[in-house]
Amino acid sequence: MMYALIRTELYKIAKRPRSYIGFVAILLIVFIIEFALFIDGASYIEFIFQQLESFLSIEGKVLNGYLVCFIILQTLIIQMPLLVALVTGDVISGEAANGTLRLLLTRPVSRTEVVMAKYIAGSFYVLLLLLLLGALALGGSLLLFGEGDLIILKSETIIVLKSNDVLWRFYAAFGIAFLSLSVVSSFSLMLSCFTDNSIGPIILTMAVIVIFTIIGSFDLPLFDHIKPFLFTSYMIVWRNMFDQPVDWGIMQTSILILILHIILFLGVSIYYFNRKDIHT
Amino acid sequence: MDSGMVEISQLSKTYQDVPAVDHLDLIIPQNCIYGFLGPNGAGKSTTLRMLLSLISPDQGTIKVFGKDLKNHRKEILSGIGSIIEKPDFYLYLSGIDNLNLLSRLSGMRPDPKRMADVLELVGLSNRGNHKVATYSHGMKQRLGIAQAIIHNPRLIILDEPTTGLDPNGILELRQLILNLKLDGKTVILSSHILSEIELIADHLVIMNKGKAMVQGNVHTLLNDQELVVLMETDNPELAKEKIHLYWPSIFIQTISTTELQCQAPKELISEINKVLVESGIKIYSVYYKRKLEDYFFKLTGN
C-alpha cells in the first residue's frame, strides 16, 4: 500500500502546475548567472581580486566552471527552501482545504502511511530539483567555462582547491543540500498537518526560514546563543565541504542534527495527524 | 434482529461541551437500504464520519462486518465506499485519473473494463478523460458515486447523493441504489429529502440532537402512524359533522370552503369516503400527506 500511496503522491505532484515553478526558477536563475558571467565574468573577477594583487600573484583560469557553480549555489541557497515549501507546504492542508483529504483517508490506508508517503514524494521532488540544479550549475558551467582550480575567498582566508580535488566536494555539498532541503520539506509538512488552510503553512515556512537565516547571518553575541537551536544554522554546512582540510567533526554533528530535525518534524506530524478529526 | 452489518454502541462525540452524538446505539442490518434522517446538527454527518474513522469518538464502539473499527480499520475501509457531504476531487486530474488513483488506494489494479462500466453506470462515459475542473456540480456528484462503487464495496455510504442532480439523475440514482441492494450490498443513505428515503429505504433512523429518536423497519414504523388526510368536497362542514358522528375520536377540521383535513389510520380512509358519499356529500379528491414527513416533524419537533 505504501508503494501505491507514494506513486499517487508523485503523480499528483507531477500533475500540478505549481510543481514546475521551482524547475523554471532554477532554470532561469542559473541561466541568467551563467550568461552574465560568460559575458562579463572576467571584469567581475578582476574587480574582486584587485585588492589582493598587492600581496598575491594569481595565475591560470580563475573564472572556471567550479567557481561559477559555487557562486550559483551561494545565490540559490536562500531561494531553494522557498521553492520546496511551495510544493510541500500544502500537501496535507491543501488537501484538507479542497476536501480531497477526506477521499484519501476513507481508503484503506493508515494516516502514518499517508504522512510518510507525502514526505517521501516531497523528498523525491527535492531530489529532482537538486539534480536539475547540479546538471545546470555544475555540468552547464563546466561546459561553458571549463575546469580549473577553485579559489574561494572566505572572511579571513583564501582557499585554493586543485581542480582534481573539487568534484567530490560538490557531490557531497549537493548531498548535504538534499538533507537540508529535506528538513525544510518535513518542517512544512508538519505545519501542513496543523491547519486546513492551504496557503498558511507555505507562508509560515518561508517566514521561519527567512527569520532564522537573518538571525544566523548577524554576528551578535545575543544571536550566538540562539543559533545552535536554529535548523537553518546547519543547512549552510555544505560550504564547509570547500574548507581545506574539511572539518569532519563539524560535518558529522551538523548532518546528525539535520537528521534529528527530520525525525522530530515527522514524528510530530505523525502524532498530530493520527489524532486529527477531519471535518473538511 | 440479525447481527448487523454495522453495530454502533454508546457512541458519543462532544465539541466544546455540546454533544454532537450522544450515546448512540444503532444496528444496520445486512443487505438493506438504511435511511439516515435528521434536521441540521442532528449528528448524522458526525456519525457517518466516525463510521469512516475520519473523526475519533470520545467513547463507544463501532463494529463493521462484525469487526471492531478501531482494530481493523484498514480491513473494514477496504469494504466501504462513500460520499461524504460534497464530491471533492483533484480538479487538475481527469475523472478517469481520479478513479484510477482512488481504486489503486483501495488495493485494486486499474481495470479498464470496470472503469468503463462504472462510468457508463453514472453517465460519464464521454467525459471521463476531461479534467474534473471542467465538470458541473451534477457531474462531480456522479463521479462521487462512481468513486464510491468502483472498488465493489460491500457497504456504501451516501451522504446527500442527490444534491445537484437533475430529476432524471435522481431517478437513475434511485434505480442504481435499488440495484446495489439487489447485488447484495448494504447502502446507508443520508438525505434531507424525506420522500426519497420513504421511497427506497427499508430501514431508517431519525436522529435529533445526537440521539436516535427512532430506528427500525420503515413499513413497521410508518404503519403505526395515523395519516393526515385531505379531502376536497362540496360541503366540508357537513362532512365534518358526519365523520364526527361515526368516529368521535378522529381529529378533524375544515381548512377552506372546499377542503377538510382529518387524522386517521390508512385503513379507515375508504370507510370515511363511503360514509360521506352515502350521505350525499360530493367528494372530489382524497389524498394524504407523506407519512414520513409527518412522522419526522412529530419526532424532531420541527
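This is a predicted model, so every value here is computed, not measured. (Residues numbered from 1 in each chain as written. Chains lettered and ligands numbered in written order. Predicted model: local features only at pLDDT ≥ 70, side-chain atom pairs only at ≥ 80, totals over all residues. Heavy atoms only, no water.)

**Structural notes on the overall build of chain B**
Scanning chain B from terminus to terminus reveals 11 helices and 14 strands. With the C-alpha coordinates aligned to their principal axes, the bounding extent of chain B is approximately 70 × 45 × 35 Å. Within chain B, the fraction of its 302 residues that count as buried is 52%. Partitioning the contacts of chain B with sequence separation of at least 6, the portion at a separation of at least 24 is 68%. Across chain B, the centroid of the 32 positively charged side chains sits 7 Å from that of the 34 negatively charged ones. (Helix = DSSP H or I, 4+ residues; strand = E, 2+ residues; numbered from the N terminus. Buried < 20%, exposed > 50% of the residue type's maximum accessible area, 1.4 Å probe, protein only. Contact = heavy atoms within 4.5 Å. Lys, Arg positive; Asp, Glu negative; His and termini not counted. Charge placed at Lys NZ, Arg CZ, Asp CG, Glu CD.)

**Topic: the side chain of Glu 160 of chain B**
Residue and element names in this part refer to chain B. Among the structural elements, Glu 160 can be located in the loop between strand E7 (155-159) and helix H6 (167-182). Here Glu 160 is buried and forms no salt bridge, its nearest opposite-charge partner Lys 44 lying at an N-O distance of 5.4 Å. Apart from residues no more than four positions distant in its own chain, Glu 160 is found in contact with Gln 141, Ser 190, Ser 191 and His 192. (Salt bridge = Lys/Arg side-chain N within 4 Å of Asp/Glu carboxyl O.)

**Remarks on the pattern of salt bridges**
Residue and element names in this part refer to chain A. Scanning the entire structure with this criterion turns up 21 salt bridges over all chains. Across the salt bridge formed by Asp 90 and Arg 16, the nearest N and O atoms sit 3.1 Å from each other. One end of the pair, Asp 90, is in the loop between helix H4 (79-88) and helix H5 (93-98); the other, Arg 16, is in the loop between helix H1 (2-15) and helix H2 (19-50), and 74 residues separate them in sequence. On the accessibility criterion, Asp 90 (4% relative accessible area) is buried. We classify Arg 16 as buried; its relative accessible area is 17%. Note that Asp 165 is salt-bridged to Arg 169, the shortest N-O span being 2.8 Å.

**Focus on the sheet that holds strand E14 (residues 283-288) of chain B**
Adjacent strands of a sheet pair through backbone hydrogen bonds, lying either parallel or antiparallel. All names here are of chain B. Read across the sheet, 4 strands follow the order E12-E13-E11-E14 without closing on themselves; strand pairing throughout is antiparallel. Bordering the open sheet on either side are strand E12 (251-254) and E14, each of which pairs with just one other strand. Strand-to-strand twist of the sheet, defined as the mean angle between neighbouring strand axes without regard to direction, takes the value 15°. Note that E12 and strand E13 (residues 259-264) share 4 bridges and pair antiparallel. Looking across to E13, one finds that Phe 251 is bridged to Gln 263. On the sheet, helix H9 (residues 236-246) packs against strand E11 (227-233), E12 and E13 and is oriented at approximately 165° with respect to E12. Packed on one face of the sheet, helix H10 (residues 269-278) meets E11, E13 and E14 and runs near 165° to E14. (Pairing = 2+ DSSP bridges. Axes fitted to C-alpha atoms, helices over the stretch in contact; angles between N-to-C directions.)

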